[in-house]
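In case you want the letters, here they are:
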Amino acid sequence: GVKCETCSLVFWPPRTTCGRCFSKLEEKDLVEIGPQGTLQTFTHVHYPEPIHPRKAPFIIGIIKLDGADTAITHFIDEIGFDDLHAGMRLEPVFAADRKGNILDISHFRPL
């Protein structure tokens, strides 16, 4: 993550500008967060769209990593939809073939 020195927000994934105070964020502002996190909300996607990086159906959720103030939307696998609940603890599963983007995290799974 990246921490704003001005307002102390920690963003994940890192960005170059603080969304609250618009301060410039740099490499020196990087901080360690996660890797585990908390599921904020989730949904089951049943329809295909060309922009989806995965074939439907799939579960997608908003996960806030430990130590971050912002959350990210990502895939959730290794659990059925009816077994999910907000507040559930999750951990990332990394892809075997990494390309340097957010899909290097294959999905999140329950702890």
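For clarity, every value in this text was computed on a predicted model and none was experimentally measured. (Residues numbered from 1 in each chain as written. Predicted model: local features only at pLDDT ≥ 70, side-chain atom pairs only at ≥ 80, totals over all residues. Heavy atoms only, no water.)

K.L.:
I tried to follow the state of the cysteines on my own but got confused; where do I start?
P.N.:
A disulfide bridge is the covalent bond that connects two cysteines by way of their sulfur atoms. Tallied over the full model, the rule gives 0 disulfides. Not engaged in a disulfide, the cysteine cysteine 7 finds its nearest cysteine sulfur in cysteine 18; these two sulfurs lie 3.4 Å apart. The class for cysteine 18 is buried, based on a relative accessible area of 1%. (Disulfide = S-S within 2.5 Å. Buried < 20%, exposed > 50% of the residue type's maximum accessible area, 1.4 Å probe, protein only.)

K.L.:
What's the story with the pattern of salt bridges in this structure? I'm lost.
P.N.:
Side-chain pairs of opposite charge can arise where the charged atoms are in close proximity. A complete count under the given rule lists 7 salt bridges for this structure. Taking the shortest distance from any N to any O, the salt bridge between arginine 54 and aspartate 77 comes out at 2.9 Å. Here arginine 54, found in the loop between strand 3 (37–45) and strand 4 (58–65), pairs with aspartate 77, found in the loop between strand 5 (72–76) and strand 6 (89–94); they are 23 residues apart in sequence, far enough to count as distant. The exposure class assigned to arginine 54 is partly exposed, which follows from its relative accessible area of 23%. On the accessibility criterion, aspartate 77 (24% relative accessible area) is partly exposed. Here glutamate 78 and arginine 109 are joined by a salt bridge, their closest N and O atoms 3.6 Å apart. On the criterion of sequence distance, the pair formed by glutamate 78 in the loop between strand 5 and strand 6 and arginine 109 in strand 7 (residues 105–110) is long-range, its members being 31 residues apart. One network of salt bridges, with partners in common, ties together Glu5, Lys28 and Asp29. (Salt bridge = Lys/Arg side-chain N within 4 Å of Asp/Glu carboxyl O. Helix = DSSP H or I, 4+ residues; strand = E, 2+ residues; numbered from the N terminus.)

K.L.:
Sorry if this is basic, but what is going on with the packing of aromatic side chains here?
P.N.:
Tallied over the entire structure, the rule returns 2 aromatic pairs. Each ring, one from phenylalanine 42 and one from phenylalanine 81, has its centre 5.3 Å from the other, and the planes form 70 degrees; the classification is edge-to-face. Taken as a pair, phenylalanine 42 in strand 3 and phenylalanine 81 in the loop between strand 5 and strand 6 lie far apart in primary sequence, 39 residues in all. Given a relative accessible area of 31%, phenylalanine 81 falls into the partly exposed group. Aromatic pair phenylalanine 58 and phenylalanine 75: ring centres 5.1 Å apart, planes at 80 degrees, arrangement edge-to-face. Of this pair, phenylalanine 58 sits in strand 4 while phenylalanine 75 sits in strand 5, placing them 17 residues apart in sequence. Judged by relative accessible area, which is 5%, phenylalanine 75 ranks as buried. Over the ring of phenylalanine 75 we find arginine 54, and its NZ or CZ is 4.0 Å from the ring centre. (Phe/Tyr/Trp six-rings, centres within 6.5 Å; stacked < 30°, edge-to-face > 60°. Lys NZ or Arg CZ within 6 Å of the ring centre and 35° of its normal.)

K.L.:
Could you clarify how one ought to interpret the side chain of aspartate 29 in this entry?
P.N.:
Along the polypeptide, aspartate 29 turns up in the loop between strand 2 (10–11) and strand 3. Take aspartate 29: its relative accessible area is 5%, and that puts it in the buried class. Of the polar contacts made by the side chain of aspartate 29, one reaches the side chain of lysine 28; its length is 3.1 Å. Residue contacts for aspartate 29: discarding those within four places in its chain leaves Gly1, Val2, Lys3, Glu5 and Lys24. (Polar contact = N/O pair within 3.5 Å; in protein donor to acceptor, adjacent residues only side chain to side chain. Contact = heavy atoms within 4.5 Å.)

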